[in-house]
Amino acid sequence: MSKKFFSNTRATVVIGAAIAALAAGMPSFATAQQAAADNTMIERGKILTQPGVFGVFTMFKLRPEWSRVPSADRMKAAAEVKQLIEKHKNNVLVDLYLTRGLETGSDFFLRVHAYDLVKAQTFMNKFRATQIGRNADVSETLVGLTKGLNYITKDGSPGLNAGLSSASYTGPAPRYTLVIPVKKSAEWWNIPVDQRLHELEAHTAPTLAYLVNVKRKLYHSTGIDDTDFITYFETNDLAAFNNLMISLASVPENKYHVRWGSPTVLGTIHSPEEVIKALAE
Amino acid sequence: MSKKFFSNTRATVVIGAAIAALAAGMPSFATAQQAAADNTMIERGKILTQPGVFGVFTMFKLRPEWSRVPSADRMKAAAEVKQLIEKHKNNVLVDLYLTRGLETGSDFFLRVHAYDLVKAQTFMNKFRATQIGRNADVSETLVGLTKGLNYITKDGSPGLNAGLSSASYTGPAPRYTLVIPVKKSAEWWNIPVDQRLHELEAHTAPTLAYLVNVKRKLYHSTGIDDTDFITYFETNDLAAFNNLMISLASVPENKYHVRWGSPTVLGTIHSPEEVIKALAE
Amino acid sequence: MSKKFFSNTRATVVIGAAIAALAAGMPSFATAQQAAADNTMIERGKILTQPGVFGVFTMFKLRPEWSRVPSADRMKAAAEVKQLIEKHKNNVLVDLYLTRGLETGSDFFLRVHAYDLVKAQTFMNKFRATQIGRNADVSETLVGLTKGLNYITKDGSPGLNAGLSSASYTGPAPRYTLVIPVKKSAEWWNIPVDQRLHELEAHTAPTLAYLVNVKRKLYHSTGIDDTDFITYFETNDLAAFNNLMISLASVPENKYHVRWGSPTVLGTIHSPEEVIKALAE
Amino acid sequence: MSKKFFSNTRATVVIGAAIAALAAGMPSFATAQQAAADNTMIERGKILTQPGVFGVFTMFKLRPEWSRVPSADRMKAAAEVKQLIEKHKNNVLVDLYLTRGLETGSDFFLRVHAYDLVKAQTFMNKFRATQIGRNADVSETLVGLTKGLNYITKDGSPGLNAGLSSASYTGPAPRYTLVIPVKKSAEWWNIPVDQRLHELEAHTAPTLAYLVNVKRKLYHSTGIDDTDFITYFETNDLAAFNNLMISLASVPENKYHVRWGSPTVLGTIHSPEEVIKALAE
Amino acid sequence: MSKKFFSNTRATVVIGAAIAALAAGMPSFATAQQAAADNTMIERGKILTQPGVFGVFTMFKLRPEWSRVPSADRMKAAAEVKQLIEKHKNNVLVDLYLTRGLETGSDFFLRVHAYDLVKAQTFMNKFRATQIGRNADVSETLVGLTKGLNYITKDGSPGLNAGLSSASYTGPAPRYTLVIPVKKSAEWWNIPVDQRLHELEAHTAPTLAYLVNVKRKLYHSTGIDDTDFITYFETNDLAAFNNLMISLASVPENKYHVRWGSPTVLGTIHSPEEVIKALAE
């Protein structure tokens, strides 16, 4: 196992999971997108912390014929994917994860960030034309976009907001990722805003203790996909993560879930080449 | 990316989404259909604004063998589809959209408008016999028909009706399309008409602000497909669209949905040839 | 399009849709079956109006390899099916419908009537061995049997009964067919008979206006298939049909549906040879 | 059609369908299993009437390649299956049924009885290795075991118990079989035993009239499969069976069903060789 | 059948099934994992009794092409799997089970225990590259981890705790295994801890009588898979197991299940080589 495997090159900002956005008062993302258009290259540290960024998650399952591709061609697939990512580095930020052995529905997945969703689509179509892309079926696609915090704000919930801002991940470099889509019921969306804030405070409070060993990132999907949120996690301690999720299951907000997982996707974190190489053996 | 990509040649009339038709007092469509029969060619501007028009949405997923069709044959597929559309232009209006990279269940879809559903069926069968049609599976078909507004009328809701009539799309040419099937519960259909009007006013009010950056079109399907409505959208601002959909989720009418999406289909808008060419690479 | 396409050779008796049978007092069908056994040939006019007749609906989806069958062999398939139907004409009445282009799950379907279900099974197995049968997958099978009216009777609901009896289809020859399976909840089956009659009167009343342009036929399936009823329709006016179905959705009886469609199958009406030829092109 | 087709060599004991077993006071089946071990051959009359016997139902769907197996090899398949059954006659009792033409999910199914479930598994694995087994996919497996009556007992419900015991099948040899899995809700299992008895008496009473033309057999599956019961029927009168099932739908016990069918499997009764020969044509 | 088949080399600790862990007060598993890292080899007796251990269940279904692999190659598959398990014995403990003939969705499954989940993933990926792994599809994957008892504790429920601790399996070596995933509703997770304890006491009490003939083991999955628990059983008496499960269905806790089975997986216990050999015939 190479050193890189354990390196933590992905700075994921810690923001509250399942902290839903309100339609009212949503700022325009024109500024962030303009800024992006001016840059000639995507910066990981920036794009992972800004609102107004698209995230496309695509789960792939290798077809049986992959094992009949000549071994030499399979081994070249890693370099091909690396080159493709390099070529599109000004348009998209691409991460790969290995789920083979831990999941039924997929062997690996891509997380693609872009300021312009068309550019993410273009990259995904190029990926589908690679050696490994041609030998894999898409088993799940999730599209979402990032937004600023709008329930647990400095004014509305100063204590929790401070808790979210001050805590930071202190564990070893995460080796595991989890992607969990979340959909809320019509009842949830129809309860008054202040009660929703109340429920989200109850949701957020028990999570503070886990900020030291679980990183989180949230994408909003209502109306652009069959889910309301995509919650993305990185951790090195799955027992702690299991306890965190039991905490989240045990607050009233959970009663408003019509989808929580299905699929819950568990994978391991590697460089793109390592993922493809592991699948090429 | 060609200029055409951004051109907005599709004038879609803005009508309320999910504004259900009442069975009582439905006018006969004989007049519109007779008029159509007299014409020798379908006019985009007309057929997209008239009631009594059929809309057939067909989602396609390419089979793995498509990538094994010789590259030259794949490239000819765009011209073949273009010719087929030209040949049937007096019978059907055909639009294609690219979903590959954004969806699990499809790579592209067709939206076919016709005054006579048999002609749409005939066209679709010819399309299935083309090079690309033979290498793709149908993953979803939605059939609906257009009707006039019958809840938010000049008499019943003069304010909202004026709002719907006066607002118009002012954003840049839409690059994205969304197709979202909607099915209402038995409870919905059984509530008194005036309460249903009340719920639809609450549904319509928050949408007015989005008429400037989201175009909408509605098809009715009760009994002719396993959905009640097909809602079709075009936009260039997915963040605004996400906020619109959160608004629609937050009114009581949402409690009567038994299907809203499943699938939500997100694609990009191109000319038919561009769609096929993108898939042929 | 041949003249035959528009010919209306199928006399379908108009009986109430979703008019459920009561177990108590069900007459024996021995008489009808005996009569049938005495005949040496099935008469369309008779078998489509009698109780005690089995109806088997089988939806087929062509496999991709169908398009690789040599064109000459595909064209012979129509004659092969015609001969098979001719050979079994003393055992079963066979209708074919074209759904390709309008449905996801099927390209065509068969409706087979027989006094003896074993004979319908025998025919279906022979059909599976034909050129087109070998290249198609069964995507749905529905088995039901006809019964006499037993809610809306001359004694119980004289007005509605007279309405059902007197009205008849006066529109142009139907070009469309719809097959919609219906399953009722345990609550429905447990409500007292007189209340059930009341609900069915409310269901039947708004349908009378549509008897002039929608033909209906009902099959009973409780316990012999995973549905309670198979409702079969023919119409030339899908807008009227859509309005009829909205009427049926808007009465309390709809609250007792646990399945209504899923799939709703929409097809066009042709002779068997025409259906196979359309698929062979 | 051979005479054997109509012969009724299968003596199926009539016991109450869906008469659930109580965990408390369940006798050990050690005695019956010991007795079986002592016998060197399975006796149909015995194994079909004893408690403590396993029943394995396996539905098969032929793969398209079956039609490409040379005709001579397909015809040999019947003899191969016959020999396999003969070879295992001391371990298992095997019945085959033809569902092709009446079902979507299967073409035929096996019902295997054994005192020792391992022996049923061993037989099934040998069957999978035959010519027809290699060309078929398993589409459904149901595993259950027989128990004695424990609700409608001589002491608890003397009248109904006498009714169940005295009535017997008097119709012509059954040509049809139906297999219907049943699962009850948590609410059912939590109602007091005496109320459950009350509900089962209401369930049993209307079934007595059908004992003359419907044979029934019950298998218990709670915890060993995703169903609580497998109900197996034989009849020659599907109209009577339909009425029986409407009676069972119309009692309160039906409100506690979370699965009733799904799939309902309808087939015809033949000797094993006849089933394979019908599929080999 | 070899003697080994009946040997009981798997010491599975008896712990309460579906005894959920509380997030609060969960001890760190760092100690157990450190201890494991110090050992150079996995000990069955230890890893099956410790908390903080990962369990990965992977169900496999053979593809049709497996039967076309030359017989000699199929027979070598058993030795190949044996060697692979031997090679990884310091990283994972591997058990195989035969489900062919008893299940629809699988032919066999693996249960892999590891202190470090990455090592289980690595082993599974190597298994996928074996002769049999390349010819099988994954039909289900379940990932969980072990924890200590935390409801039925010495202090909280001294009587039941003593019952669980004192009883032990006394039957013949189990020949059957059952794997049943369990998911609880949001309502369950939101009821107060003392009521949850009360419900689990009611759940545990009737199970004590079955500890003599049913072995149980529990894995926790909330948030790391789409289930809350994986319950694993071994028994030689399926009738007793059926009665146990009816007991568990009959307590109020059952009302909080949103998943119980689906799939329920029933298999037989053999050595890994025996499983592969049975499938290679």
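Attention here is on the structure that accompanies the text. Within each chain, residues carry numbers counting from 1 in the order of the written sequence. Each chain gets a letter, beginning with A, and each ligand a number, beginning with 1, in the order they are written. Local features are withheld for residues below a pLDDT of 70 in this predicted model, meaning they are given only at 70 or higher, and side-chain atom pairs are given and counted only at 80 or more; totals for whole chains, interfaces and linings count all residues. Side-chain measures here rest on the full set of heavy atoms in the structure, leaving out hydrogens and waters.

### Describing the overall build of chain A
So, point 1. A count of helices and strands for chain A gives ten helices and nine strands.
So, point 2. Partly exposed residues are those whose accessible area sits between 20% and 50% of the maximum for their type, while under 20% is buried and over 50% is exposed, using a 1.4 Å probe and protein chains only. Across the 281 residues that make up chain A, the buried fraction comes to 63%.
So, point 3. Only the protein chains shown count as covering a residue, and every accessible area follows the Shrake-Rupley method with a 1.4 Å probe. If you sum the accessible surface of chain A, you get close to 9800 Å²; carbon and sulfur atoms cover 55% of it. Only DSSP runs of H or I with at least four residues qualify as helices, and only runs of E with at least two residues qualify as strands; both kinds are numbered from the N terminus onward.

### Points about the relation of the copies chain C and chain B
So, point 1. The two copies are related by a screw motion: chain C maps onto chain B through a turn of 72° and a shift of 0.0 Å along the axis, at an RMSD of 0.0 Å. Such a combination of rotation and displacement between the chain copies is what one expects of a five-fold axis. The copies were overlaid by least squares, fitting only the C-alpha atoms of residues that reach a pLDDT of 70 or more in each copy.

### Observations regarding the interface of chain D and chain E
So, point 1. By definition in these notes, contact holds between two residues if any of their heavy atoms fall within 4.5 Å. Across the boundary between the two partners, chain D contributes 37 residues, which contact 40 residues of chain E.
So, point 2. Here chain D packs against chain E, burying approximately 3000 Å² in sum over the two surfaces, 53% of which is carbon and sulfur.
So, point 3. When a carboxyl oxygen of Asp or Glu is within 4 Å of a side-chain nitrogen of Lys or Arg, the pair counts as a salt bridge. At the junction of chain D with chain E, the criterion picks out three salt bridges.
So, point 4. Side-chain atoms alone can form a polar contact between residues adjacent in sequence; in general such a contact is a pair of N or O atoms within 3.5 Å, and within protein one must be able to donate a hydrogen while the other accepts it. Where chain D touches chain E, the interface holds 17 residue pairs in polar contact (both at pLDDT 80 or more).
So, point 5. At the level of secondary structure, the elements contributing two or more residues to the side of chain D that touches chain E comprise β1 (54–62), α4 (117–128), β4 (136–145) and α7 (186–190) of chain D.
So, point 6. Among the elements that make up the side of chain D that touches chain E, the one with the highest residue count is α4 of chain D (seven residues).
So, point 7. Residues belonging to the side of chain D that touches chain E are distributed by class as follows: 16 nonpolar, nine polar and twelve charged. Here the quantity called buried area is the accessible surface, traced with a 1.4 Å probe, that two parts lose on coming together, added over both. Each residue gets one of three labels, nonpolar for Ala, Val, Leu, Ile, Met, Phe, Trp, Tyr, Cys and Pro, charged for Asp, Glu, Lys and Arg, and polar for the others, Gly among them.

### Observations regarding the interface of chain C and chain B
So, point 1. Across the boundary between the two partners, chain C contributes 40 residues, which contact 37 residues of chain B.
So, point 2. Taking both sides of the interface into account, the surface hidden between chain C and chain B amounts to around 3100 Å²; carbon and sulfur atoms contribute 53%.
So, point 3. At the boundary of chain C with chain B, the tally comes to three salt bridges.
So, point 4. When the shortest N-O distance is used, the salt bridge between glutamate 281 of chain C and lysine 126 of chain B registers 2.8 Å.
So, point 5. The interface formed by chain C and chain B holds 17 residue pairs in polar contact (both at pLDDT 80 or more) in total.
So, point 6. Elements represented by at least two residues in the side of chain C that touches chain B include exactly β5 (176–184), α9 (238–249) and β9 (265–269) of chain C.
So, point 7. By residue class, the composition of the side of chain C that touches chain B is 19 nonpolar, 13 polar and eight charged.

### With respect to the pairing of strand β3 (residues 108–114) of chain D
Residue and element names in this part refer to chain D.
So, point 1. For β3, the buried fraction is high: seven of the seven residues fall into the buried class.
So, point 2. Of the two faces of β3, the one holding Phe108, Leu110, Val112 and Ala114 and the one holding Phe109, Arg111 and His113 are both buried throughout.
So, point 3. DSSP-based pairing: two strands are paired if at least 2 bridges between them are found. When β1 meets β3, the two strands line up antiparallel, connected through seven bridges. Bridge pairing links phenylalanine 60 to phenylalanine 108 in β3.
So, point 4. Sheet topology note: the strand β2 (residues 93–98)/β3 ladder contains six bridges and is antiparallel. Across the sheet, residue aspartate 95 finds its bridge partner in β3, namely arginine 111.

### Some remarks on the pattern of salt bridges
Residues and elements named next belong to chain A.
So, point 1. Overall, the coordinates contain 70 salt bridges over all chains when judged by the stated rule.
So, point 2. Ionic pairing is found between arginine 63 and aspartate 137, a salt bridge with its closest N-O pair at 2.6 Å. Within this pair, whereas arginine 63 is found in the loop between β1 (54–62) and α3 (71–87), its partner aspartate 137 is found in strand β4 (residues 136–145), the two being separated by 74 residues in sequence.
So, point 3. Here the residues in one salt-bridge network are Arg44, Asp95 and Arg111, joined through shared partners.

### Quick look at the packing of helix α3 (residues 71–87) of chain E against helix α4 (residues 117–128) of chain E
Residue and element names in this part refer to chain E.
So, point 1. Interhelical geometry of α3 versus α4 gives an angle of 160° and a closest axis separation of 11 Å. With respect to each other, α3 and α4 are oriented roughly antiparallel. Of the two possible hands of crossing, α3 and α4 adopt the one that is right-handed. Between α3 and α4, the contacting residues are Val81, Leu84 and Ile85 on the first element and Phe123, Lys126 and Phe127 on the second. Note on geometry: axes are C-alpha line fits, over the in-contact stretch for helices, and angles between N-to-C directions span 0 to 180 degrees. Geometric relationships in this document are graded by angle, where less than 35 degrees denotes roughly parallel, more than 145 denotes roughly antiparallel, 65 to 115 denotes roughly perpendicular, and other angles denote oblique. Put simply, a crossing is left-handed when the front helix is turned counterclockwise from the back one by less than a right angle, and right-handed when it is turned clockwise.

### Some points on the packing of helix α3 (residues 71–87) of chain D against helix α10 (residues 272–280) of chain D
Angle between the axes and distance between the axes: these two values describe a pair of packed helices.
Residues and elements named next belong to chain D.
So, point 1. Between α3 and α10, the least distance of the axes is 8 Å, while the angle of their chain directions is 160°. Looking at the two axes, α3 sits roughly antiparallel to α10. The two elements α3 and α10 meet at a crossing, and its hand is right-handed. For the pair α3 and α10, contact is made by Arg74, Met75, Ala77, Ala78, Val81, Lys82 and Ile85 and by Pro272, Glu273, Ile276, Lys277 and Ala280, respectively.
So, point 2. Of the residues in the contact of α3 with α10, the class split is eight nonpolar, no polar and four charged.

### Notes on the side chain of arginine 111 of chain B
Residues and elements named next belong to chain B.
So, point 1. Mapping arginine 111 onto the fold places it in strand β3 (residues 108–114).
So, point 2. For arginine 111, a relative accessible area of 0% gives the class buried.
So, point 3. Side chain to side chain, arginine 111 and tyrosine 219 meet in a polar contact 3.1 Å long.
So, point 4. Ignoring sequence-local partners within four residues, the contact set of arginine 111 consists of Leu48, Val56, Phe57, Leu93, Val94, Asp95, Tyr97, Lys217, Tyr219, Tyr232 and Glu234.

### What about the environment of glycine 163 of chain D?
All names here are of chain D.
So, point 1. As for its position among the elements, glycine 163 is in helix α6 (residues 158–166).
So, point 2. On the accessibility criterion, glycine 163 (15% relative accessible area) is buried.
So, point 3. Sequence-wise, glycine 163 and threonine 204 are 41 residues apart; in three dimensions their C-alpha atoms are separated by 9.6 Å.
So, point 4. Not counting residues within four places of it along the chain, the set of residues in contact with glycine 163 comprises Leu208 and Leu211.

### A closer look at unusual backbone geometry
Residue and element names in this part refer to chain B.
So, point 1. Going from serine 262 to proline 263, the amide bond is cis rather than trans, its omega being 10°.
So, point 2. Within the secondary structure layout, proline 263 lies in the loop between β8 (257–260) and β9 (265–269).
So, point 3. Look at serine 262: it is not a glycine, yet its phi comes out positive at around 55°.
So, point 4. With respect to the helices and strands, serine 262 occurs in the loop between β8 and β9.

### Here's the deal with the pairing of β1 of chain D
Residues and elements named next belong to chain D.
So, point 1. With eight of its nine residues buried, β1 lies for the most part within the structure.
So, point 2. Pairing between β1 and β4: nine bridges, direction antiparallel. Note on β4: the bridge partner recorded for threonine 58 is threonine 141.

### Brief notes about the environment of isoleucine 42 of chain B
All names here are of chain B.
So, point 1. You can see isoleucine 42 is positioned in the loop between α1 (30–38) and α2 (44–47).
So, point 2. Residue classification places isoleucine 42 among the buried positions, given a relative accessible area of 10%.
So, point 3. Expressed as a C-alpha distance, the spacing of isoleucine 42 and proline 192, which sit 150 residues apart in the sequence, is 39 Å.
So, point 4. What isoleucine 42 contacts, discounting residues up to four positions off in sequence, is Ile47, Lys89, Asn90, Asn91, Val92, Leu93 and Tyr115.

All quantities given are derived from atomic positions and should not be read as evidence of function.
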